[in-house]
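Letter by letter, the chains look like this.
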Amino acid sequence: MGRGRAKAKQTKVARQLKYTNHHIDYDRLREELGADTRGAEEIYPPTASEQESERAQ
């Protein structure tokens with residue numbers, strides 16, 4: 001019988017996590033983690049369509 005309050009609390013927490021806005025500063029996070037921006041370019045080289053758009057500019 002005591003499960004009702006526990007379930008209500010879990011539901012409340014789940015809704016808060018789902019519907020609240022989480023303002024994340026991704027640039028600051030990258031700096032804190034020491035991520036290298038050019039490392040992403042090496043892992044994911046530009047696709048053909050991206051290369052064409054760069055040439056057009």
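Residues numbered from 1 in each chain as written. Predicted model: local features only at pLDDT ≥ 70, side-chain atom pairs only at ≥ 80, totals over all residues. Heavy atoms only, no water.

1. Some words on the confidence of the model for the chain
Confidence in the prediction for the chain averages 79 pLDDT; 75% of positions are at 70 or higher. Mean pLDDT values over the elements of the chain span from 58, in helix H3 (residues 37–43), up to 91, in helix H1 (residues 3–19). (pLDDT = per-residue confidence, 0-100. Helix = DSSP H or I, 4+ residues; strand = E, 2+ residues; numbered from the N terminus.)

2. Overview of the pattern of salt bridges
If the charged atoms of two oppositely charged side chains come close together, the side chains can form a pair. Counting across every chain of the model gives two salt bridges. One salt bridge in this structure joins Asp27 and Arg30, with 2.8 Å as the shortest N-O distance. In this pair, Asp27 and Arg30 are both assigned in helix H2 (residues 26–33), three residues apart and thus about one turn of the helix distant. Residue class for Arg30 comes out partly exposed when judged on its relative accessible area of 41%. Between Glu32 and Arg28 there is a salt bridge, with its nearest N and O atoms 3.2 Å apart. Taken together, the positions of Glu32 and Arg28, both in helix H2 and four residues apart, correspond to about one turn of that helix. The same class applies to Glu32 and to Arg28, which are both exposed. (Salt bridge = Lys/Arg side-chain N within 4 Å of Asp/Glu carboxyl O. Buried < 20%, exposed > 50% of the residue type's maximum accessible area, 1.4 Å probe, protein only.)

3. Focus on H2
Turn by turn, an α-helix covers 3.6 residues, leaving residues three or four places apart pointing in a common direction. Burial of H2 is sparse: only zero of the eight residues sit out of reach of the surface. Positive phi shows up at Gly34, right after H2, with a value of about 75 degrees.

4. Brief notes about a nonpolar patch on the surface
Taken together, the side chains of Ile24, Tyr26, Leu29 and Leu33 make up a nonpolar region of the molecular surface, amounting to roughly 430 Å² of accessible area. Structurally, Leu29 can be placed in helix H2. (Patch = residues over 30% accessible without salt bridge, like charges linked within 9 Å, V, L, I, M, F, W, Y side chains within 5 Å. Areas by Shrake-Rupley, 256 points an atom, 1.4 Å probe, with all protein chains shown as cover.)

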